[in-house]
Amino acid sequence: MDFSVITDHWQFLASGLLVTLALSVASGASSIAAGFVVALARMHGPRWLKPVVVLYIDSMRAIPVLVVLVWTFFALPIVAGITMAPFFAALIGLTVHLAAYAAEIFRAGIESVRAGQTRAGLALGMSRAEILRRIVLPQAVVRMLPAFGSFLSVTIKDTAIASVIAVPELMRQSETVQGQTFQPIEVYTFAMLMYFLLLFPVTRGVDLVYRRVAHLGRS
Amino acid sequence: MNLDWSVVWQHREQLLAATGTTVMLTIATMAIAVPCGMLVAALRLYGWAPVRAAATAYVELFRNLPLILVVFWAFYVLPIWTGLGLSPLATGLAALSLNVTAYNAETFRAGLNSIRRGQVEAAMALGMSRAQALRRVIIPQALRRVLPVLASTWVSLFKDTSLVSVIAVTELAYVAMQVRAQTFRVLEMLTAMAAIYWLLGYPQAKLADWIQRRYAVSE
């Protein structure tokens, strides 16, 4: 094995790692924000909206991310009459897909707080929004931590699939280097190491934080 | 925008065969990954210390790698290591199995650990051997808790089979994208692909939900 292929192309690979990080952070943040809105729409939205939201969530659980990404990049521009940079298409596709999962995490967390607490809040004259913000969410957010830890890990892993629509992230850059140098063992072993070093601390870190704060979520 | 949906009907036989491959891949992977996952979980819980460490390392590694990278790695590295000329289908099956085995091993381990220690101690106090206690007391209860998790792993696996399209396994995603490239009917083929995945995946997701409700453990 000759790992000089990595040192020779380190800038190219490092730029891929940066894109992976940027796409992970951007799609993670946007899908958590969108997921919160979707969860609220499912729980407190007007009645006609609920079946639509449920259909959306279940559909995203049924369709592969690859299909969503490929459709967003190749088919959406035809429908909408626009052109999109791969990174932007990946951000949209990943957000549409992951927001459904985030919404389910929010719903499970919020529903895990006993209904009696909401009723007690109402009896004290608080509005529903106030109850959500000051009573339910502070407890629910702590309980959601482990689920969001694995959500984050899934998000980072899913960004690798954006390589299929030519987003120049770590997976794609590794393929390119492999295609030029024909040293798949070195290149893919390096990519594995990078992804592992990125993902393992995320899952472990969230676990550690959760163990510190778990007591705050009990009631 | 002029659409010509007849292209989907014209290629119905190819798409049907590809859908069959997708379903077959899902079933074959699970058939491999359930017994292998049990074995890895058993090694991790009851094995000799170095074996235990190796099993833990395997599970942690594959749970923290993007599947698409494992697929590429298997495609380029497995033939070099094993000296075998594996077909894309066999390579895809190997990559999926390596991935799902790691997840299943973790599922089985968590299932066994979720049964309180006191039960083994009680069984042993009644004169059962450790193996007997495991077989007659622990495993029957653990299975109930494992089943819902296996169901959601199944749904993820069904979607993840689309990732082996990157090494030209002729499953649904690959064939649909091939037809798209040959006919230039991008929107029609990609939408048909998403629709077929949806039609198959949606009932599976609903079934997984039902199993989760049916076997929910409340303590």
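The shown structure was predicted, so the numbers you read here are calculated from the model rather than taken from an experiment.

Trainee: So what about the overall build of chain A? Which residues, and what values?
Mentor: Helices and strands together make up the secondary structure of chain A, namely 9 helices and 0 strands. Starting at the N terminus, the α and β elements of chain A follow one another as α-α-α-α-α-α-α-α-α. With the principal axes as the frame, chain A shows a C-alpha extent of 70 × 45 × 25 Å. Of all 219 residues assigned to chain A, the portion counted as buried reaches 48%. Restricting to contacts in chain A with at least 6 residues of sequence separation, those with at least 24 account for 76%.

Trainee: Break down the side chain of A:His97 for me, with residues and values.
Mentor: Position of A:His97 relative to the elements: it lies in helix 5 (residues 86-111). By relative accessible area, A:His97 is classed as buried at 2%.

Trainee: Please give an account of helix 7 (residues 130-160) of chain B that cites residues and values.
Mentor: For helix 7 of chain B, which comprises 31 residues, the first-to-last C-alpha distance of 38 Å sits more than 12% below the rise-based estimate of 45 Å (1.5 Å per residue). Taking the largest bend as the criterion, helix 7 of chain B deviates by roughly 45°, centred on B:Ile138, and proline B:Pro140 comes between one and four positions later.

Trainee: So what's going on with the nonpolar core? Which residues, and what values?
Mentor: Ranked by size, the top nonpolar core spans 106 residues in total, and within it A:Ile110, A:Ile165, A:Met171, A:Tyr195 and B:Met193 carry the most contacts. Among the elements that take part in this core, helix 5 of chain A stands out by supplying 11 residues, more than any other. Excluding its chain neighbours within four sequence positions, the residues that come into contact with A:Ile165 are A:Leu69, A:Val70, A:Phe73, A:Phe74, A:Pro86, A:Ala89 and A:Ala90. Membership of the second largest hydrophobic core comes to 8 residues, among which are B:Leu112, B:Ile115, B:Ala133 and B:Ala142.

Trainee: So what's going on with the confidence of the model for chain B? Residues and values would help.
Mentor: Residues and elements named next belong to chain B. Here chain B averages 91 in pLDDT, and 98% of its residues register 70 or above. Least confident of the elements in chain B is helix 1 (residues 6-10), whose mean pLDDT is 87; most confident is helix 3 (residues 49-63), at 95. For this predicted complex, the interface confidence reaches an ipTM of 0.90, while the overall pTM sits at 0.91.

Trainee: Explain the packing of helix 5 of chain A against helix 7 (residues 128-159) of chain A residue by residue, including any values.
Mentor: Between two packed helices, both the angle of their axes relative to each other and the distance between the axes serve to describe the pair. Residues and elements named next belong to chain A. Relative to each other, helix 5 and helix 7 sit at 145°, their axes nearing to 8 Å. Between helix 5 and helix 7 lies a crossing of right-handed hand. Across the interface between the two elements, Leu 94, His 97, Leu 98, Tyr 101, Ala 102, Ile 105, Phe 106, Gly 109 and Ile 110 of helix 5 pack against Leu 132, Val 136, Leu 137, Ala 140, Met 144, Ala 147, Phe 148, Phe 151, Val 154, Thr 155, Asp 158 and Thr 159 of helix 7. Counted by class, the contact of helix 5 with helix 7 contains 16 nonpolar, 4 polar and 1 charged residues.

Trainee: Just give me the short version of the pattern of salt bridges, but keep the residues and values in it.
Mentor: Considering all chains together, one arrives at 12 salt bridges over all chains under this definition. Taking the shortest distance from any N to any O, the salt bridge between A:Arg42 and A:Glu104 comes out at 2.8 Å. Of the two residues, A:Arg42 sits in helix 2 (residues 10-44) while A:Glu104 sits in helix 5, which places them 62 residues apart along the sequence. A salt bridge links B:Lys206 to A:Asp58; its shortest N-O distance comes to 2.6 Å. Remark: A:Asp58 occurs in helix 3 (residues 49-62) and B:Lys206 occurs in helix 9 (residues 186-214); the pair is interchain, linking two chains.

Trainee: Describe the side chain of B:Arg180, naming the residues involved and giving the relevant values.
Mentor: With respect to the helices and strands, the residue B:Arg180 is situated in helix 8 (residues 172-183). Despite being buried, B:Arg180 has no salt bridge partner; B:Glu188 is the closest side chain of opposite charge, sitting 10 Å away. Setting aside chain neighbours within four positions, we find B:Arg180 in contact with A:Phe74, B:Arg185, B:Val186, B:Met189 and B:Leu190.

Trainee: Hey, could you go over the layout of surface pockets for me, with residue numbers and the actual values?
Mentor: All names here are of chain B. Reported here for the second largest pocket is a volume of approximately 320 Å³. Considering the residues around the second largest pocket, the lining is formed by 13 residues, among which Tyr 46, Leu 112, Arg 117, Val 120 and Arg 130 are closest to the centre. Among the elements of the structure, helix 2 (12-46), helix 5 (88-113), helix 6 (117-125) and helix 7 are those that each provide at least two residues to the lining of the second largest pocket. The leading source of residues in the lining of the second largest pocket is helix 7, at 4 residues. The residue makeup of the lining of the second largest pocket, split by class, is 8 nonpolar, 1 polar and 4 charged.

Trainee: Report on the packing of aromatic side chains, specifying residues and quantitative values.
Mentor: Aromatic ring pairs: the centre-centre distance and the angle between the two ring planes describe each pair. Taken as a whole and assessed by the stated rule, the structure comprises 12 aromatic pairs over all chains. Relative to A:Phe106, the ring of A:Phe36 has its centre 5.1 Å away and its plane inclined at 65°; by these criteria the two rings are edge-to-face. Pair noted here: A:Phe36 is in helix 2 and A:Phe106 is in helix 5, with a separation of 70 residues, a long-range link. A relative accessible area of 8% means that A:Phe106 is categorised as buried. Their ring planes at 90° and their centres at 5.5 Å tell us that B:Trp73 and B:Trp81 sit as a pair that is edge-to-face. Note on B:Trp81: relative accessible area 58%, which makes it exposed. Ring pairs connect the aromatic residues A:Phe36, A:Phe106, A:Phe148 and A:Phe151, which therefore count as one cluster. Above the plane of the ring of B:Trp9 lies B:Arg12, whose end atom (NZ or CZ) is 4.3 Å from the centre.

Trainee: With reference to specific residues and values, describe the interface of chain A and chain B.
Mentor: Accessible area lost on assembly of the parts is the figure often given for the size of an interface. Listed per partner, the contact involves 36 residues of chain A and 39 residues of chain B. Across the chain A to chain B interface the summed buried area is about 3,400 Å²; carbon plus sulfur atoms make up 75%. On the chain A side of the contact with chain B, A:Arg61, A:Lys157 and A:Met192 bury the most area, a combined 18% of that side's loss. Linking chain A with chain B are 3 salt bridges, by the criterion used here. The tally of links from chain A across to chain B stands at 11 residue pairs in polar contact (both at pLDDT 80 or more). Only helix 3, helix 4 (65-80), helix 8 (170-181) and helix 9 (184-213) of chain A provide two or more residues apiece to the side of chain A that touches chain B. The biggest single contributor to the side of chain A that touches chain B is helix 9 of chain A, with 11 residues. Split by residue class, the side of chain A that touches chain B holds 27 nonpolar, 4 polar and 5 charged.

Procedures and definitions
Residues numbered from 1 in each chain as written. Chains lettered and ligands numbered in written order. Predicted model: local features only at pLDDT ≥ 70, side-chain atom pairs only at ≥ 80, totals over all residues. Heavy atoms only, no water. Helix = DSSP H or I, 4+ residues; strand = E, 2+ residues; numbered from the N terminus. Buried < 20%, exposed > 50% of the residue type's maximum accessible area, 1.4 Å probe, protein only. Contact = heavy atoms within 4.5 Å. Expected span 1.5 Å × (residues − 1). Bend = angle between axes of the 7 residues up to and from the residue. Core = buried A, V, L, I, M, F, W, Y, C linked by side-chain atoms within 4.5 Å. pLDDT = per-residue confidence, 0-100. Axes fitted to C-alpha atoms, helices over the stretch in contact; angles between N-to-C directions. Left-handed = near helix turned anticlockwise from the far one by under 90°. Nonpolar A, V, L, I, M, F, W, Y, C, P; charged D, E, K, R; others polar. Salt bridge = Lys/Arg side-chain N within 4 Å of Asp/Glu carboxyl O. Lys, Arg positive; Asp, Glu negative; His and termini not counted. 1 Å grid on protein atoms, 1.4 Å probe; cavity = no way out; pocket = protein on both sides within 12 Å on 5 of 7 lines; lining within 4 Å. Points joined across faces, edges and corners; volume = space filled by probe spheres on them. Phe/Tyr/Trp six-rings, centres within 6.5 Å; stacked < 30°, edge-to-face > 60°. Lys NZ or Arg CZ within 6 Å of the ring centre and 35° of its normal. Buried area = accessible area lost by both parts, 1.4 Å probe. Polar contact = N/O pair within 3.5 Å; in protein donor to acceptor, adjacent residues only side chain to side chain.

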